[in-house]
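Residue-level structural notes
So the chains spell out like this:
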Amino acid sequence: MKYRQLDRITSLFPGKKLTAERTLRADEEHLLDHFPNFPVMPGVMMLEALHQAAIWLIKTGDDFQSPLVLLREVRGVKFGDFLSPGETLTITAEAIKQEGSRITVKATATKQGRKTVTARLILEKTSSGDPQHVGTDDDVRRRGIKQFHELFGDVATTEETA
Amino acid sequence: MPLSDDEIFSKVQDALVDALGVDDDEVTPEATLVGDLGAESIDFLDIVFKLEKAFDITIPREELSPEDILTNSQYVQDGVVTDEGMAELKRRMPWADLGEFEKNPRVQDFGNLLTVGDLCAYVNSKVD
Amino acid sequence: MRWFWVDRFTEFVSGSHARGTKNVSLDEEVVDEYCPGYPVLPPTLIIEGIAQLGGILIAEHFAFEKRVVLAKVNKAVFHQPARTGDQLQYEVKIDAVQANGATITSQSWVGETLQAEIDLMFAFLEEGRFTDGPLFKPGDLESMPRLMNFFHVAVDADGKPLPKYKNL
């Protein structure tokens, strides 16, 4: 995944809470445009880190049964501080509500304890809607499981909410 | 038809819940925006936009943030607001309750002054 | 990877609104293996496209003299994912403007279908806060919008081409 925004998962309570890290590298090409005189991680890229944390939180929570986990809404996103090259974000995502197939995740990214972004994300577990014979759902499900292990290896899970 | 105090409070409460991501019951009249509700400067901007929309009023920046007074050497000595400065503040913000602040008017404490009640009083003064 | 999330400005009226297009393609780096087996544009990059259209709309309103940055996403609703082959049509309107910030409202359409609705708040960085001086190098604010067809379509409130701003 080239647009990967989580370097590693540092703790995982499937379906409930996930913490991860993301370090901004000085050689990331988009920095040349954002901004030429002040290279910092774009706010929406920090938001994407929260989004990806929420996706994996939900997928591990139902053992990758849902083929798709799509973002439906984002609320209350506040950008508090900039992230410069070499700095590391600590991402925390927590599922706080479930209504049918829609799950609300509260997520925050911090650097040295200072919040750079906070958000509430609402994601929905869903399927592709493609005709059965195309086999999209099975294909996507299988690839999703494989991708998680390729990206993060064997992630130890915890039952406690620290 | 003029808005009642309750109607004003309710709309101010909605704006603060929206802007700050706090719960309804955290927004009491005595709650300070900075200390109790965690408002940062970005949030003040958001709150201004939301109040302008909710009440169809215009909020010039200096009416809620008297930075020009607080950074004026004529009104501030050694980080403390002078009598002349206090008079200026009262003139600028007649709706605010500056009683507590006046007892020890340190510039660094001003940011934490504003309460939800003060905000409602401000809106009240604008909608009439 | 360039950080351009709008391919083209199709309309721009100073102080009012702007429209632009974003094509979603299979060979985009950000689409590659993002959602394996179901290629989509990461929805946060739709927010960025809107932020770029809206940011330029606000910046132009102040003759490109303010340092405009995204401060809040007040609302973002995605009615359907943006899939490869889709052409997203963005419409952005100035909502309110203050001395130190502005808000915009927007919609993203795929044909006749409403794909997303996004409301954003921008702040103008005060001098000395976070960093000094302009965010862009001389000429950037001219060359980047030019690539996006900006000067071809941009007009003022009277329908005349924009003046030559010194910061461009």
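Reading the values: rules and limits
- Residues numbered from 1 in each chain as written.
- Chains lettered and ligands numbered in written order.
- Predicted model: local features only at pLDDT ≥ 70, side-chain atom pairs only at ≥ 80, totals over all residues.
- Helix = DSSP H or I, 4+ residues; strand = E, 2+ residues; numbered from the N terminus.
- Rg over C-alpha atoms; globule rule 2.2 N^0.38 Å.
- Buried ≥ 20, exposed ≤ 12 C-beta atoms within 10 Å, placed from the backbone.
- Contact = placed C-beta atoms within 7 Å.
- pLDDT = per-residue confidence, 0-100.
- Pairing = 2+ DSSP bridges.
- Axes fitted to C-alpha atoms, helices over the stretch in contact; angles between N-to-C directions.
- Parallel < 35°, antiparallel > 145°, perpendicular 65-115°, else oblique.
- Left-handed = near helix turned anticlockwise from the far one by under 90°.
- Nonpolar A, V, L, I, M, F, W, Y, C, P; charged D, E, K, R; others polar.

**Describing the overall build of chain A**
- A count of helical and extended segments in chain A gives two helices and six strands.
- Helices (α) and strands (β) of chain A occur, in sequence order from the N terminus, as β-β-α-β-β-β-β-α.
- Relative to the compact-globule value of 15 Å for 162 residues, chain A shows a C-alpha radius of gyration of 16 Å, a close match.
- Taking the principal axes of the C-alpha coordinates as reference, chain A spans close to 50 × 35 × 30 Å.
- By residue count, 35% of the 162 residues in chain A fall in the buried class.
- Partitioning the intrachain contacts of chain A with sequence separation of at least 6 by distance along the chain shows that 71% fall at a separation of at least 24.

**So, the overall build of chain C**
- Helix and strand content of chain C: three helices and seven strands.
- Listing each helix as α and each strand as β along chain C from the N terminus yields β-β-α-β-β-β-β-α-α-β.
- In summary, chain C has a C-alpha radius of gyration of 16 Å against a globular reference of 15 Å for 168 residues, a match within 12%.
- Taking the principal axes of the C-alpha coordinates as reference, chain C spans close to 45 × 35 × 30 Å.
- Taken across its 168 residues, chain C has 40% of its residues classed as buried.
- Long-range contacts, defined as pairs at least 24 residues apart, comprise 68% of the intrachain contacts of chain C with a sequence gap of at least 6.

**Here's the deal with the confidence of the model for chain C**
- Taken over all residues, the pLDDT of chain C has a mean of 95, while the share at 70 or more is 100%.
- Predicted as a complex, the structure gets a pTM of 0.94 and an ipTM equal to 0.96.

**What to know about the interface of chain C and chain A**
- Contact with chain C, which involves 35 residues of that partner, is made by 35 residues of chain A.
- Those elements that place two or more of their residues in the side of chain C that touches chain A are α1 (43–61) and β3 (68–78) of chain C.
- It is β3(C) that provides the largest number of residues to the side of chain C that touches chain A, a total of eight residues.
- Judged from the five bridges that link them, strand β3 (residues 68–79) of chain A and β3(C) form a sheet pairing that is antiparallel. Note on β3(C): the bridge partner recorded for A:Val74 is C:Ala76.

**Notes on the packing of helix α1 (residues 43–61) of chain A against α1(C)**
- Relative orientation of the contacting elements α1(A) and α1(C) amounts to 160°, with a least axis distance of 9 Å. In terms of orientation, α1(A) and α1(C) fall into the roughly antiparallel class. As for the relative orientation of α1(A) and α1(C), their crossing is right-handed in sense. Of α1(C), the residues touching α1(A) (which contributes A:Val44, A:Leu47, A:Glu48 and A:His51) are C:Thr44, C:Leu45, C:Ile47, C:Glu48 and C:Ala51.
- The residue makeup of the contact of α1(A) with α1(C), split by class, is five nonpolar, two polar and two charged.

**Some words on the environment of C:His152**
- Looking at the secondary structure, you find C:His152 in helix α3 (residues 150–153).
- Sequence separation of C:His152 and C:Glu11 is 141 residues, and the distance between their C-alpha atoms is 9.0 Å.

**A short note on unusual backbone geometry**
- For the bond from A:His34 to A:Phe35, the omega torsion is -10°, close enough to zero to count as cis.
- With respect to the helices and strands, the residue A:Phe35 is situated in the loop between β2 (17–23) and α1.
- Non-glycine residue B:Asp56 carries a positive phi angle of around 55°.
- As for its placement among the helices and strands, B:Asp56 is situated in the loop between α2 (41–55) and α3 (61–64).
- Despite not being glycine, C:Ala63 has its phi angle at roughly 55°, a positive value.
- Residue position: C:Ala63 is located in the loop between α1 and β3.
- Take C:Ala63: there are 14 C-beta atoms within 10 Å of it, and that puts it in the partly exposed class.

**Some details on the interface of chain B and chain C**
- Listed as interface residues are seven residues of chain B and, on the opposing side, 10 residues of chain C.
- The dominant element in the side of chain B that touches chain C, judged by the number of residues it contributes, is α2(B), at six residues.
- Partitioning the side of chain B that touches chain C into residue classes produces four nonpolar, no polar and three charged.

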